[in-house]
Amino acid sequence: MVHSILMIEDEPRIRNFVLPYLQKAGYAVDECGDGGEGLALAKTGKYSLVLLDIMLPGMSGDEVLRELRKTSQVPVIMLTARSEESDIVLGFDTGADDYITKPFSPRELAARVRALLTRAYPPAPAAPVVTCGPLALHGAALTATHGAEKLSLTPKEFDLLFLLCEHPDTVFSREELLSRVWGYEFAGDARTVDTHIKQLREKLGASRGMLVTVWGKGYKITAP
Ligand code: CA
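Conventions we followed
Residues numbered from 1 in each chain as written. Predicted model: local features only at pLDDT ≥ 70, side-chain atom pairs only at ≥ 80, totals over all residues. Heavy atoms only, no water. Donors = N, O, S within 2.8 Å, 3.2 Å for Na, K, Ca; no water. Helix = DSSP H or I, 4+ residues; strand = E, 2+ residues; numbered from the N terminus. Buried < 20%, exposed > 50% of the residue type's maximum accessible area, 1.4 Å probe, protein only. Pairing = 2+ DSSP bridges. Axes fitted to C-alpha atoms, helices over the stretch in contact; angles between N-to-C directions. Parallel < 35°, antiparallel > 145°, perpendicular 65-115°, else oblique. Contact = heavy atoms within 4.5 Å. Nonpolar A, V, L, I, M, F, W, Y, C, P; charged D, E, K, R; others polar. Expected span 1.5 Å × (residues − 1). Disulfide = S-S within 2.5 Å. Domains from an automatic or database assignment.

### Things to note about the coordination of the calcium ion
For a metal bound by four donors in tetrahedral geometry, the ideal donor-metal-donor angle is 109.5 degrees, whereas six donors in octahedral geometry ideally sit at 90 or 180 degrees.
Line of reasoning, step 1. Taken together, D10 (OD), D53 (OD) and M55 (O) make up the full set of protein donors to the calcium ion, lying 2.1 to 2.4 Å away.
Line of reasoning, step 2. Motif for the calcium ion, donor spacing along one chain: D-x42-D-x1-M. In this pair, D10 sits in the loop between strand 1 (4-8) and helix 1 (12-24) while D53 sits in strand 3 (residues 49-53), placing the two residues 43 residues apart along the sequence.
Line of reasoning, step 3. A relative accessible area of 3% places D53 in the buried class.

Written out as structure tokens, the structure is:
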């Protein structure tokens, strides 16, 4: 995803200095030199982040931010001069997410932009996927595939296969499988495990041999 950034800053010198740097960092950047116009643009919702100067013609950065926060929680970094420290405090009160003091290096600004974007738009956590040979089990979605084919498993069959695939070539006794898949409160016996293994083998078809019976010990899964 390409993030769009709006820079509301009336000094062309600063815009010209910062824009190419942000663009090179992979962001789409729009610029605006007027407070009121900047507010209207920011309100469109098309920006992932707003860089907001404080001393602006039309409408000050503080006013822009106050108005913007009535309808939008878009991340905002205030661009402020060293002499405007009271403005910084005010900025945070009004809902700024970060500020950077002029003069700043474009590298520092890009780093803050990146940090704030990561904080505001965290990547979706990767779903746990366990694979063993042609088998792939997606823990979050509770779906399993055998090559290109989707397997239709009951929840217990899924849990059993997931556990075995997480530990390939590890032999689990029936009692261990019972307690880890069915839980200690389960009243059934070891034959429940045998039944489920049998059903899994049928569903695995050509890969049925991956589910290995280790005589006198239990079961394991082995990649072909
Ligand atoms: Ca200014």
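Now, onward.
### A few points about the pairing of strand 11 (residues 218-221)
Line of reasoning, step 1. Relative to strand 11, strand 10 (residues 211-214) runs antiparallel, the two sharing 4 bridges. The partner of V214 across the bridge, within strand 11, is G218.
Line of reasoning, step 2. Linking two consecutive strands that pair antiparallel, namely strand 10 and strand 11, is a turn of 3 residues; a positive phi of about 80 degrees is found at G216 within it.

### Some words on the environment of R201
Line of reasoning, step 1. Within the secondary structure, R201 sits in helix 8 (residues 190-204).
Line of reasoning, step 2. Each C-alpha atom, one on R201 and one on L137, is 16 Å from the other, the two residues being 64 residues apart in sequence.

### Remarks on the packing of helix 6 (residues 155-166) against helix 8
Line of reasoning, step 1. Orientation of helix 6 relative to helix 8, taken along the N-to-C sense of each, is 85 degrees, at an axis distance of 10 Å. With respect to helix 8, the element helix 6 is oriented roughly perpendicular. Counted together, K156, E157, L160, L161 and L164 of helix 6 and H196, I197, Q199, L200 and K203 of helix 8 form the full contact between these two elements.
Line of reasoning, step 2. A class-by-class count of the residues in the contact of helix 6 with helix 8 yields 5 nonpolar, 2 polar and 3 charged.

### Quick word on helix 6
Line of reasoning, step 1. Between the first and last C-alpha of helix 6 there are 16 Å, a value that for 12 residues agrees with the 16 Å anticipated at 1.5 Å per step.
Line of reasoning, step 2. Of all the residues in helix 6, the buried ones are E157, F158, L160, L161, F162, L163, L164 and C165.

### Regarding the state of the cysteines
Note: disulfide means a covalent bond formed between the sulfur atoms of two cysteine side chains.
Line of reasoning, step 1. What the rule picks out here adds up to 0 disulfides.
Line of reasoning, step 2. In this model C165 remains outside any disulfide bridge; the closest cysteine sulfur is found in C132, 4.6 Å from its own.
Line of reasoning, step 3. Judged by relative accessible area, which is 3%, C165 ranks as buried.

### Quick word on the domain arrangement of the protein chain
Line of reasoning, step 1. For the protein chain, the assigned domains read domain 1 (4-120) and domain 2 (129-221).
Line of reasoning, step 2. The straight-line distance from the C-alpha centre of domain 1 to that of domain 2 is 54 Å.

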